[in-house]
Amino acid sequence: MRAVRRAADGLIGLSATIGALGLFVETGVILIDVIGRAFGSPLFGSQDVITMTMVVVVFGGMALCDRVGGHIGVDIFEARYPDWLNRWIDIVSALLGAAIFAAIAWAVWESSKISQMLNLSTNLIGLPKAWFQWALAGFSALTALGLLLRAAELTATGRDVRKDDTRLTDSPA
Amino acid sequence: EELSFANFTPPFHTINASVIEKLNADLSEATGGELTVRGYHGGELGAGPVEQYVRVLQGVADMGWGLPGYTSSQFGKTMIAEMPNAIPLDAPGYEALWAAYDEISGEFPGTVPLALWTSEPNIFIMKDHDIRTPADLEGLKIRVAGATAAEVASAMGATPVQMPINQVYNALQTGLIDGVITGASTLSDFKLDEVANSYTLGANLGRLVFWTVMTEAKYDSLTDEQRAALDSVSGMPLSQSAEEAWNATADAALEAARASGDNTVIDLSDAEIAAFAEAVAAVTDAYVAEVDGEAALAAMKGE
Amino acid sequence: MSAELTGTLGIVVLLVLLLLRVPVAFAMFAVGFAGITILQNVSSAMALLASESFTLASSPELVIIPLFILMGNVASATGMSRQLYDAAYAIVGQIRGGLASATVIGCGGFAALSGSSVASALTMGKVSLAEMDRFDYDKRLSTGVVAAGGTLGILIPPSTGFVIYAILTEQSIGRLFLAGVLPGLLLLTSFVTAIAIICLLRPGAGPRGPSTTMSEKARAIAGALPILTVILLTIGGIYGGLFSPVEAAGVGAGAVILYGAVTRRLSFRILFQSARDSVVTTATVMLILIAAHMINPFLALSHIPTFVGEALLGLELSRLGTLAVILAVYLVLGCFLEGFAMLVLTLPIFFPVVLDLGIDPIWFGVLVVLTLEMGLISPPVGLNVFIVKSVAPSVPLGDIFRGVIPFWLAMLATLLMLIAFPQISLFLPDTMMN
Ligand code: NA
Ligand code: NA
């Protein structure tokens, strides 16, 4: 299980790194566009790049978000529930999350075939929509695997990676 | 059976009375109440205009409407109708589109087009700038939605700025953009009349195209009688209803703009119109050649 | 099973899942997906899952979220937030709860920049929560302040809430923006009053700081000049027509990164870390937004909003009675639904009634938007509270909800005042636009 966890953490870190780079791209493109526009020559297709990169930013961080316990639950009654119930809730929630992200990955993958059939691309510089749907599907599939692994760890060893002392975000990718 | 119609705009929008409610009334009458249409407004069945075609194709809704301009790469030949001078200003756009139906129907896979129509002609909607010649646009920032619109703006010397239509109000107000080239119905639909103060009419700057489609699978599942009834109330009559409603909205908005004292409304002379036509002619020609659309254009022009 | 019953059952299941502390987004996905499958079919549910995920993740409006988060993170990492709060502390620190009041005023200022409550709560949370912690402010107070203060974002123009209301009801955006100004300031004042009362009852919540001399104050303000410059640059850029509010987020992020690089306060490693943290917070927020968009079509298909609206009309109440019931319905629905979705689902039903009764549509718009904002901080689905939780993961959600109570009451008081005195909303639009 440890080796699987190490490999998974590597991929999760890589996914978030890609998302973080996307965020720098967003910032840079906006700055270039705004400054260029002030001098009469905005960056052609900037909105195409910004909106498509946003897909990478949003879904790139999904796996890490779950890994560090970022998905918010209503914890008001947690202390009043018995330990066994809390444990079961954690396992079932993780499995539910895995199913949801697997469904997102599958649905978006299927939808990318339609995008190809309809030749869909962004309006100004023609970035193919399917590329970004593949990225979304890939990031979601990874998130589903992460959730599945978390459920397996909780079931087998009771380890909850979300409560690890060494937060993944504190180490470089 | 109740057919669902996905509408990404509010229920007060022109589309509701002219297409959704009309289709509901006509279809239920023609089928003796067997088929009705229910509108789901304001994006209830999914947000935004961009995914509308896919939404219908995948059967989230049985019917839906949209603009080819949001996914222009799918609608290469249909979009010819949006180009400057493709359709004369006083010619109905829906007749032109249906005349070219054989040329463009391949761009609607998996669905059955129930209505195809165009908006009122595009005009200049400006803030603090009067436009009488292409030279007046030199260096002005003009909001555009797509690549060909950007080329049209550039051809007249303007700087094209891409932004969603619902951000145009704020952008005009703060001076982020100087104007927008679109139909007059946006003056009331997006409240642009509150921030714009100069309008230039008469140049053929193209128009917007719209479609209403139905899932092919749903269409095929209807009985022969139901299908015949649907065919009889859709197509030309439905398209005409939509286009006339758009024109009426635009006319009312323009009338209000003229009546209000603090606006400049410029009606171009024939000579001035010719100058704009000349400035953008190459853009239309290049686009038609690029999408291999000579036959489609000829059909739209009734040639 | 009727569509309405399926819808009601769906809400019950959603409640149970939430109380069982299933992550909010997962619970909404599950209920929305199952509900659409029952009312329509599984292929529709799958298609919506795909289109809503992609549409929201590529929305040109929502780009503002990751960019403002990045700006807030980098401002913290470079010490700019610290300088800002040192200045605020020097000026108002000796007043009990002074920093909390300063934060609410900051939220009001940020509201003039951003049209969204989510962006306001996120950015102000990133900038202020750790700082109030540093000066020993009670976490319930500090998180409550940010969750509630964020709601100013939509009352003080520019406001996406008013834009949507205007387009749904064919009202003037300009009038609505003007109508929001005085109520926004009134709400801000009642938040500050709430803070004063909290600190009177529990002096430990916002401890009094040492008094400072004029030169200490001046030095602290000088220290905060960099971040004040960035704030003025972004607000000035929007009103001066240099960039849109969405672009302002990118410009702001770029400016704080540039400042950090020039002053060597920002290593590449810390910058990268800030971006990764931003991506995680973005994921939290965006997943909840996407999940909310799976609940909307489910409820639309269940016809529950229509059902509620028609039941309401059947009551045949007076003008004020109808208004009270409508706002009460928004308060209840606001516990479960995302605000904009609620407007779209219900306004077509309520608005004609409102017009019939001769209720001023601009005034009604202000009341509705304020009520929606109360929904953003009321349990169990309080988006702004989740936002603050995503910024302050160590604070239990229950504490944040408890911390919000006084501010919720302040909003209720404001709402009652706005109902009693329509002039507060209508004075500016009537004098400036007629
Ligand atoms: Na605002
Ligand atoms: Na709520």
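Note that the coordinates shown come from a computational prediction; the quantities given were computed from them, not determined experimentally. (Residues numbered from 1 in each chain as written. Chains lettered and ligands numbered in written order. Predicted model: local features only at pLDDT ≥ 70, side-chain atom pairs only at ≥ 80, totals over all residues. Heavy atoms only, no water.)

Things to note about the overall build of chain A
Next, step 1: Across its full length, chain A holds 5 helices and 0 strands.
Next, step 2: At a minimum sequence separation of 6, the contacts of chain A that also span at least 24 residues come to 76%.
Next, step 3: In the form shown here, chain A has an accessible surface area of approximately 7,500 Å², with 68% of it arising from carbon and sulfur atoms.
Next, step 4: Once the 14 positive and 15 negative side-chain charges of chain A are each reduced to a mean point, those two points are 3 Å apart. (Helix = DSSP H or I, 4+ residues; strand = E, 2+ residues; numbered from the N terminus. Contact = heavy atoms within 4.5 Å. Areas by Shrake-Rupley, 256 points an atom, 1.4 Å probe, with all protein chains shown as cover. Lys, Arg positive; Asp, Glu negative; His and termini not counted. Charge placed at Lys NZ, Arg CZ, Asp CG, Glu CD.)

Digging into the packing of helix H4 (residues 83-117) of chain A against helix H2 (residues 24-39) of chain C
Next, step 1: Where H4 of chain A contacts H2 of chain C, the two axes come as close as 10 Å, and the packing angle between them is 60 degrees. By the angle between their directions, the pair H4 of chain A and H2 of chain C is classed as oblique. For the pair H4 of chain A and H2 of chain C, the crossing hand works out as left-handed. Residues Ser 93, Leu 96, Gly 97, Ile 100, Phe 101 and Ile 104 of chain A of H4 of chain A form the contact with H2 of chain C, whose participating residues are Phe 26, Phe 29 and Ala 30 of chain C.
Next, step 2: Residues of the contact of H4 of chain A with H2 of chain C, tallied by class, amount to 7 nonpolar, 2 polar and no charged. (Axes fitted to C-alpha atoms, helices over the stretch in contact; angles between N-to-C directions. Parallel < 35°, antiparallel > 145°, perpendicular 65-115°, else oblique. Left-handed = near helix turned anticlockwise from the far one by under 90°. Nonpolar A, V, L, I, M, F, W, Y, C, P; charged D, E, K, R; others polar.)

Details of the confidence of the model for chain A
Residue and element names in this part refer to chain A.
Next, step 1: Predicted confidence across chain A gives a mean pLDDT of 91, with 95% of residues reaching 70 or more.
Next, step 2: Confidence scores differ between elements of chain A, with helix H3 (residues 62-67) showing the lowest mean pLDDT of 94 and helix H2 (residues 46-60) the highest of 97.
Next, step 3: The model gives residues 166-173 a pLDDT under 50, and that stretch makes 19 contacts with residues more than four places away or in other chains. (pLDDT = per-residue confidence, 0-100.)

As for the interface of chain A and chain C
Next, step 1: Residue-level contacts link 65 residues of chain A with 56 residues of chain C.
Next, step 2: Taken over both partners, the interface formed by chain A and chain C buries close to 5,200 Å², and the fraction arising from carbon and sulfur atoms is 77%.
Next, step 3: Of all residues in chain A, Met 54, Ile 72 and Val 74 of chain A bury the most surface against chain C, accounting for 15% of the area lost on that side.
Next, step 4: The interface formed by chain A and chain C contains 3 salt bridges.
Next, step 5: For the salt bridge of Asp 90 of chain A with Arg 21 of chain C, the shortest nitrogen-to-oxygen distance reads 3.3 Å.
Next, step 6: At the level of secondary structure, the elements contributing two or more residues to the side of chain A that touches chain C comprise helix H1 (2-38), H2, H3, H4 and helix H5 (129-156) of chain A.
Next, step 7: Across the side of chain A that touches chain C, the residue classes tally to 38 nonpolar, 18 polar and 9 charged. (Buried area = accessible area lost by both parts, 1.4 Å probe. Salt bridge = Lys/Arg side-chain N within 4 Å of Asp/Glu carboxyl O.)

Regarding the interface of chain B and chain C
Next, step 1: Contacts between the two partners involve 29 residues from chain B, matched on the other side by 41 residues from chain C.
Next, step 2: At the boundary of chain B with chain C, the tally comes to 1 salt bridge.
Next, step 3: Note that Arg 55 of chain B and Glu 52 of chain C form a salt bridge whose closest N and O atoms lie 3.5 Å from each other.
Next, step 4: Taken together, the links from chain B to chain C amount to 8 residue pairs in polar contact (both at pLDDT 80 or more).
Next, step 5: Broken down by secondary-structure element, the contributors of at least two residues to the side of chain B that touches chain C are strand E2 (36-40) and helix H6 (168-174) of chain B.
Next, step 6: Here the side of chain B that touches chain C gets 3 residues from one element, more than from any other, and that element is H6 of chain B.
Next, step 7: Tallied by class, residues from the side of chain B that touches chain C come to 11 nonpolar, 11 polar and 7 charged. (Polar contact = N/O pair within 3.5 Å; in protein donor to acceptor, adjacent residues only side chain to side chain.)

As for the sheet that holds strand E5 (residues 123-126) of chain B
Adjacent strands of a sheet form backbone hydrogen bonds with each other and so pair up, either parallel or antiparallel.
Residue and element names in this part refer to chain B.
Next, step 1: Spatially, the 6 strands line up as an open sheet ordered E7-E6-E8-E5-E9-E11, and their pairing is mixed. Two strands in the sheet have a free side with no partner beyond their single neighbour: strand E7 (159-162) and strand E11 (264-267). Taken over all neighbouring pairs, the strand axes of this sheet differ in orientation by 25 degrees on average, direction set aside. (Pairing = 2+ DSSP bridges.)

What about the confidence of the model for chain C?
Next, step 1: Averaged over every residue, the pLDDT of chain C is 86; the share at 70 or more is 97%.
Next, step 2: Scoring of the predicted complex yields 0.88 for pTM and 0.92 for ipTM.

Considering the sheet that holds strand E1 (residues 2-6) of chain B
Residue and element names in this part refer to chain B.
Next, step 1: Strand order in the open sheet made by the 5 strands is E2-E1-E3-E10-E4, with mixed pairing throughout. The sheet terminates laterally at E2 and strand E4 (111-118), the two strands that pair on one side only. The mean angle between the axes of side-by-side strands here comes to 20 degrees, regardless of whether they run parallel or antiparallel.
Next, step 2: Pairing analysis gives 2 bridges linking E1 to strand E3 (residues 63-66), with the strands arranged parallel. For Phe 5, the partnering residue across the bridge sits in E3 and is Met 63.
Next, step 3: Sitting on the sheet, helix H1 (residues 14-30) is in contact with E1, E2, E3, E4 and strand E10 (209-215), with an inclination near 155 degrees to E2.
Next, step 4: Across the sheet, helix H10 (residues 236-259) touches E3, E4 and E10, and the angle it forms with E4 is around 35 degrees.

Concerning helix H8 (residues 139-149) of chain C
All names here are of chain C.
Next, step 1: For H8, the buried fraction is high: 9 of the 11 residues fall into the buried class.
Next, step 2: All of the buried residues in H8 are Leu 141, Ser 142, Thr 143, Gly 144, Val 145, Val 146, Ala 147, Ala 148 and Gly 149.
Next, step 3: Looking at the buried residues of H8, the elements they touch are helix H6 (98-111), helix H7 (117-134), helix H9 (152-155), helix H11 (173-201), helix H20 (383-391) and helix H21 (397-420). (Buried < 20%, exposed > 50% of the residue type's maximum accessible area, 1.4 Å probe, protein only.)

Focus on the pairing of E10 of chain B
Residues and elements named next belong to chain B.
Next, step 1: Most of E10 sits inside the fold, with 7 of its 7 residues counted as buried.
Next, step 2: As paired elements, E3 and E10 share 4 bridges and run antiparallel to each other. Across the sheet, residue Gly 66 finds its bridge partner in E10, namely Trp 211.
Next, step 3: Examined bridge by bridge, E4 and E10 share 7 bridges and lie antiparallel to one another. Paired with Thr 118 across the two strands is Val 209, which belongs to E10.

Side note on the UniProt feature "transmembrane region" (unreviewed entry) in chain A
Next, step 1: Mapped onto this numbering, the UniProt entry annotates "transmembrane region" (unreviewed entry) at residues 12-32, 44-64, 85-109 and 131-149 of chain A.
Next, step 2: Strand forms 0% of residues 131-149 of chain A and helix 100%; the C-alpha atoms that close the span are 27 Å apart. (UniProt positions renumbered as here; feature names shortened; annotations may be inferred.)

Side note on unusual backbone geometry
Next, step 1: Backbone geometry at Asp 292 of chain B places phi at a positive 60 degrees, although glycine is not the residue there.
Next, step 2: Mapping Asp 292 of chain B onto the fold places it in the loop between helix H11 (270-290) and helix H12 (294-300).
Next, step 3: Unusually for a residue other than glycine, Asp 136 of chain C sits at a positive phi of about 65 degrees.
Next, step 4: With respect to the helices and strands, Asp 136 of chain C occurs in the loop between H7 and H8.
Next, step 5: Given the relative accessible area of 58%, Asp 136 of chain C is considered exposed.

Focus: the pattern of salt bridges
Two side chains bearing opposite charge may form a pair once their charged atoms approach each other closely.
Residue and element names in this part refer to chain A.
Next, step 1: A full pass over the atoms with the stated rule returns 24 salt bridges over all chains.
Next, step 2: With a closest N to O distance of 2.8 Å, Asp 9 and Arg 67 form a salt bridge. Placement of the pair is Asp 9 in helix H1 and Arg 67 in helix H3, with a sequence separation of 58 residues.
Next, step 3: Under the relative-accessibility criterion, Asp 9 is labelled buried at 14%.
Next, step 4: The buried category is assigned to Arg 67, whose relative accessible area is 5%.

Quick look at the environment of Ala 194 of chain C
Residues and elements named next belong to chain C.
Next, step 1: Within the element layout of this structure, Ala 194 appears in helix H11.
Next, step 2: By relative accessible area, Ala 194 is classed as buried at 10%.
Next, step 3: Each C-alpha atom, one on Ala 194 and one on Pro 406, is 6.4 Å from the other, the two residues being 212 residues apart in sequence.
Next, step 4: Those residues in contact with Ala 194 that lie beyond four places of it in its chain are Pro 406, Phe 407 and Ala 410.

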